[in-house]
Amino acid sequence: MAALLKRLLQHGRPLAASVRPVGRREANLGTDPVVAVRVRFAPSPTGFLHLGGLRTALYNYIFAKKYQGSFILRLEDTDQTRIVPGAAENIEDMLEWAGIPPDESPRRGGPAGPYQQSQRLELYAQATEALLKTGAAYPCFCSPQRLELLKKEALRNHQTPRYDNRCRNLNQEQVAQKLAKDPKPSIRFRLEEAAPAFQDLVYGWNKHDVASVEGDPVIMKSDGFPTYHLACVVDDHHMGISHVLRGSEWLVSTAKHLLLYQALGWQPPLFAHLPLLLNRDGSKLSKRQGDIFLEHFAADGFLPDSLLDIITNCGSGFAGNQMGRTLPELITQFDLTQITCHSALLDLEKLPEFNRLHLQRLVSSESQRHLLVEKLQALVEEAFGSQLQNRDVLNPVYMERILLLRQGHICRLQDLVSPVYSYLWTRPVVGRAQLDAISEKADVIARRVLGLLERSGMTLTQDALGGELKKLSEGLEGTKHSNVMKLLRVALSGQQVRQGHELDCSLEPLIDPFNLHFLAGTELNVGGTKINET
């Protein structure tokens, strides 16, 4: 960059601004078949992917798919001091886990690569050179110490900190003298008073006279890396981005970006700034919360579709806010013109209910159910391992039946290996005294129940079993039906009390051959008993 500045001085090129106006196309939503829709999600790998980033990525993805366009992942890693090891890989991993993989990315490649800004430095240098040649940019020799003093002075006077444009009007001789002492200055962009108005596809017409409230921004740092403002403009241009869908925190900066497009003679894309995703109490989502990262939800057993559903349900851009929408439905129903300017309030306490609906949908699908069985087998092995007295409980037929019986009742697959459901996989430890405390006729009840289940040629449904158990109770003088049921519940599950809707489940193992041994700790032969879950 220093060599370029010296060449400009030798050729006597002016450092004054020379701006070439560029017309803007009319705003559209990407339905023009002549213009290919290309959108990008451009996070910084300064942390792992969280819900706020997922929402921005999702809106870009569904917009691209709705108009048969391309969804691009670009990593803005120009601030090398803040990069978190593994963050770049995590971002792409989590997009794939969420079911919204990019069409072009650092991992997948593509025609507009490379897709990491640290590998595109030559493009930024070329753009900076072009701006210096026209006088739209200039070198800045101010030290970090001076800039910090400016900031402190402004804050002391209750003013917004801004650069005072001290180096803007240096003549060629002054620049040459300073280059001799400081061969690596930063480069600033000369803000013009007349910032162009633009039509945001969400917020409507906007105009920000940034030059009246801000100093000239740095676009190229002394280390040769660009700042966000230059890099995003250069990349969006060279990658052919048609629409920029990003958070509303960048709305004010768009004026600077349009001035850069204008100075470079490039056609800008269309902009749609998305309202913020906030916590339920209106506070900002923060990486410091810890529980907003996608890997946290994945590890806790939440389904990708439930996350996509809840972050769109709490916002706008769709007809109605019904729960349970799948990704194809989100793509079909998405309407950019329906996005409002109001922030979206995210209530994560509702996530288990969203997950319950999507898990129930997967259980209802035969092909998806088989995948769930495999996951459940792994969970049971991990949770109980050597505690499994009878490995028949890992039988896919048995596991599938458990899923069908519990669909709509559990919120996560992991719920089935919680203590409430441990009796489905391991023999509960129940002492004789514990059973005798419930009923003096524990032995009699156990023998009669086992005899009932071994009865030849009998078809047992849950309703039929309930009726037979009631008859059995009536045949035991001085024994209440409630005590019979409590005895069976304790013997089968080890649970003294009902856990809400889990009560019904506590008797379901009775009608499954794999679990007959739970009662009285005896392996049993079911003979000709026909098992029917309906």
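Residues numbered from 1 in each chain as written. Predicted model: local features only at pLDDT ≥ 70, side-chain atom pairs only at ≥ 80, totals over all residues. Heavy atoms only, no water.

Under an unreviewed UniProt entry, the name given to the protein chain is Nondiscriminating glutamyl-tRNA synthetase EARS2, mitochondrial, and the organism recorded is Aotus nancymaae. As its UniProt record puts it under Subcellular location (unreviewed entry), the protein chain is described as follows: "Mitochondrion". (UniProt positions renumbered as here; feature names shortened; annotations may be inferred.)

Another aspect to go through is the packing of aromatic side chains. All told, the structure shown has nine aromatic pairs when counted by the stated rule. Between the aromatic rings of Phe297 and Phe302, the centroid separation amounts to 6.2 Å while the plane-to-plane angle is 70 degrees, which identifies the pairing as edge-to-face. As far as burial versus exposure is concerned, Phe297 and Phe302 are alike and both buried. By the ring-pair criterion, three or more aromatic residues cluster together here, those being Tyr59, Phe318 and Phe334. Lying over the aromatic face of Tyr59, Arg55 brings its terminal NZ or CZ to 5.2 Å of the ring centre. (Phe/Tyr/Trp six-rings, centres within 6.5 Å; stacked < 30°, edge-to-face > 60°. Buried < 20%, exposed > 50% of the residue type's maximum accessible area, 1.4 Å probe, protein only. Lys NZ or Arg CZ within 6 Å of the ring centre and 35° of its normal.)

This part is about unusual backbone geometry. Of note, the amide linkage connecting Gly113 to Pro114 takes the cis form, showing an omega dihedral of -5 degrees. Structurally, the position occupied by Pro114 is in the loop between α3 (87–97) and α4 (121–134). Notably, Gln68 is not glycine yet its phi reads approximately 55 degrees, a positive angle. Structurally, Gln68 is set in the loop between α2 (51–66) and β2 (70–73). Not every positive phi belongs to a glycine, and His158 is a case in point at roughly 55 degrees. Along the chain, His158 turns up in the loop between α5 (144–156) and α6 (172–181). (Helix = DSSP H or I, 4+ residues; strand = E, 2+ residues; numbered from the N terminus.)

Positionally, Ile310 belongs in helix α10 (residues 304–313). The spatial distance from the C-alpha of Ile310 to the C-alpha of Asn355 is 9.2 Å, given a sequence separation of 45 residues. The residues touching Ile310, leaving out its near neighbours within four places in the chain, are Leu346, Asp347, Lys350, Leu351 and Phe354. (Contact = heavy atoms within 4.5 Å.)

With that out of the way, let us pick up the sheet that holds strand β7 (residues 218–220). What the three strands build is an open sheet, ordered β3-β4-β7; its pairing is antiparallel. The open sheet terminates on both sides in strands that have one partner only, identified here as β3 (137–140) and β7. Each neighbouring strand pair of the sheet contributes to a mean axis angle of 45 degrees, computed without reference to strand direction. Examined bridge by bridge, strand β4 (residues 186–189) and β7 share two bridges and lie antiparallel to one another. The partner of Ile187 across the bridge, within β7, is Met220. (Pairing = 2+ DSSP bridges. Axes fitted to C-alpha atoms, helices over the stretch in contact; angles between N-to-C directions.)

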